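Structure assessment
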Amino acid sequence: MVLIYSEPSAKWRCVFRECKALCCSGGKEITAGDIKRIAAATGLSPDEFAELEDDKGLFRLRSVDGACLFLRSDSSCKLHGTGAKPIFCRMYPFKFDGIIYADEVVLKVRAFKECPGFGRGEKINEQFEARIEELGNQFVKEIKDYLKAKREGKTPEEIFK
Ligand code: SF4
Ligand code: SF4
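First, a word on what this report is: a plain description of the structure on this page. (Residues numbered from 1 in each chain as written. Chains lettered and ligands numbered in written order. Predicted model: local features only at pLDDT ≥ 70, side-chain atom pairs only at ≥ 80, totals over all residues. Heavy atoms only, no water.)

A look at the packing of aromatic side chains
Basically, it comes down to this: Working definition: rings of Phe, Tyr and Trp (its six-membered ring) pair if their centres are within 6.5 Å, and the pair is stacked with planes under 30 degrees apart, edge-to-face with planes over 60 apart, and tilted otherwise. Secondary structure elements are taken from DSSP: a helix is a run of H or I of four residues or more, a strand is a run of E of two residues or more, and numbering for both begins at the N terminus. With a 1.4 Å probe rolled over the protein chains alone, any residue whose accessible area is under 20% of its type maximum counts as buried; one over 50% counts as exposed, and the rest are partly exposed. By definition, being over a ring means that NZ of Lys or CZ of Arg is both within 6 Å of the ring centre and within 35 degrees of the ring normal.
Counted under the stated rule, the structure contains eight aromatic pairs. A ring pair is formed by F49 and F70, whose centres lie 6.1 Å apart and whose planes are at 45°; its orientation type is tilted. Here F70 lies in the loop between strand 7 (67–68) and strand 8 (94–101) and F49 lies in helix 3 (residues 46–49), a separation of 21 residues in the sequence. Across the pair, exposure class does not vary: F49 and F70 are buried alike. Through successive ring pairs, a cluster of aromatic residues spans W12, F94 and F128. Here R110 stacks its cationic end above the ring of Y5, 4.5 Å away from the centre of that ring.

Following this line, the structure appears as structure tokens:
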């Protein structure tokens with residue numbers, strides 16, 4: 001389940017060169033599925049790009065000088081176009097706002113208020129919000145899949161293969 005907190009009437013367009021990719025700070029939340037996709041696309045081993053301390057299925061991208069290690073000096077993303085961009089990086093301008101582990105795993109997502117892209121571009125419509133929800137549900141599924149695999153006795157290394 002995904003809870004989305006947003007401004008329903010806001011317009012948005014990503015102006016990453018203007019803001020110098022403000023939201024691409026290090027420590028971006030990723031799933032085991034993200035790790036598998038990035039490893040396959042880049043040839044890197046998971047520990048080269050991710051913090052692998054297991055926080056209930058939640059992992060984080062490594063950072064360099066406070067920025068994501070996949071951020072280029074021109075503010076573009078090295079993973080763009082590879083099909084391996086992390087789920088949360090495809091959910092901009094919404095950001096991770098926590099997970100509730102109850103009978104059901106609930107993901108909280110919030111609009112990134114500091115984003116200078118708000119007020120620009122197209123209106124955030126139902127289709128856009130449906131896409132955010134779809135990505136959020138994929139994130140939740142990948143968290144649940146990881147936790148299930150662990151309960152079945154698999155090691156993180158086996159799960160990331
Ligand atoms: S989503 Fe907003 S803060 Fe992030 S790079 Fe785009 S314009 Fe900048
Ligand atoms: S993976 Fe790309 S989009 Fe995501 S935080 Fe890093 S540089 Fe930004």
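Things to note about the sheet that holds strand 9 (residues 105–111)
Stated formally: Paired strands, as defined in this entry, are two strands with at least two bridges between them according to DSSP. Fitted lines through C-alpha atoms serve as axes, helices being fitted only where they are in contact, and the angles separating the N-to-C directions of these axes extend from 0 to 180 degrees.
Across the sheet, which stays open at both edges, the three strands sit in the order 1-9-8 with mixed pairing between neighbours. A strand with exactly one partner marks an edge of an open sheet, and here the two such strands are strand 1 (2–5) and strand 8. Strand after strand, the sheet turns through a mean of 20° between neighbouring axes, direction not considered. As paired strands, strand 8 and strand 9 are joined by six bridges and run antiparallel to one another. Opposite I99, over in strand 9, you have L107 as the bridge partner.

Digging into the side chain of E29
Formally: We define a polar contact as two N or O atoms separated by no more than 3.5 Å, with the added condition that, inside protein, one atom must be a possible hydrogen donor and the other a possible acceptor, whereas residues neighbouring each other in sequence contribute only through side-chain atom pairs. Only heavy atoms matter for contacts: two residues are in contact if any of them lie within 4.5 Å across the pair.
For E29, the location among the structural elements is in strand 3 (residues 29–30). Since its relative accessible area comes to 13%, E29 is described here as buried. A polar side-chain atom of E29 sits 3.1 Å from a polar atom in the side chain of R60. Every residue in contact with E29, bar those within four places of it in the chain, is listed here: L58, F59, R60, F88, F96 and F139.

Comments concerning the site of ligand 2
Where we set the bar: Consider each residue's heavy atoms; a residue with any of them within 4 Å of a molecule or strand counts as near. Following the grouping adopted for this structure description, the nonpolar residues are Ala, Val, Leu, Ile, Met, Phe, Trp, Tyr, Cys and Pro, the charged ones are Asp, Glu, Lys and Arg, and the polar ones are all others, Gly among them.
The immediate surroundings of ligand 2 are formed by C24, K28, L61, C68, F70, L71, C77, L79, P86, C89 and Y92. Among the residues forming the shell around ligand 2, the class breakdown is ten nonpolar, no polar and one charged.

Notes on the sheet that holds strand 5 (residues 58–61)
Spatially, three strands are ordered 3-5-4 in an open sheet, and the strand pairing comes out antiparallel. Looking at which strands have only one partner, the edges of the open sheet turn out to be strand 3 and strand 4 (50–55). Looking at chain direction, strand 3 and strand 5 are connected through two bridges and run antiparallel. Along strand 5, the bridge assignment pairs E29 with R60. Strands in contact with helix 2 (residues 32–42) are strand 3, strand 4 and strand 5; relative to strand 5, the strand with the most contacts, it is inclined by about 40°. Running over the sheet, helix 4 (residues 126–151) touches strand 3, strand 4 and strand 5 and is turned about 115° from strand 5.

Some thoughts on the side chain of T31
Position of T31 relative to the elements: it lies in the loop between strand 3 and helix 2. For T31, the side chain forms a polar contact with the side chain of E142, separated by 2.5 Å. Once you skip the residues sitting within four places of it in the chain, T31 turns out to touch R37, G57, F59, I87, F139, E142 and I143.

A short note on the nonpolar core
Rules: The criterion is simple. A nonpolar core is a set of buried Ala, Val, Leu, Ile, Met, Phe, Trp, Tyr and Cys residues joined through side-chain atoms within 4.5 Å.
I35, I38, F49, F59, L61 and F70 are the most contacted members of the largest nonpolar core, which has 18 residues in total. Counting only elements with at least two residues in this core, the list comes to helix 2, strand 5, helix 4 and helix 5 (156–160). Considering every element that reaches this core, the biggest residue donor is helix 2, with four residues. Core analysis: the next-biggest nonpolar cluster, separate from the first, contains 17 residues, V2, M91, L107 and I143 among them.

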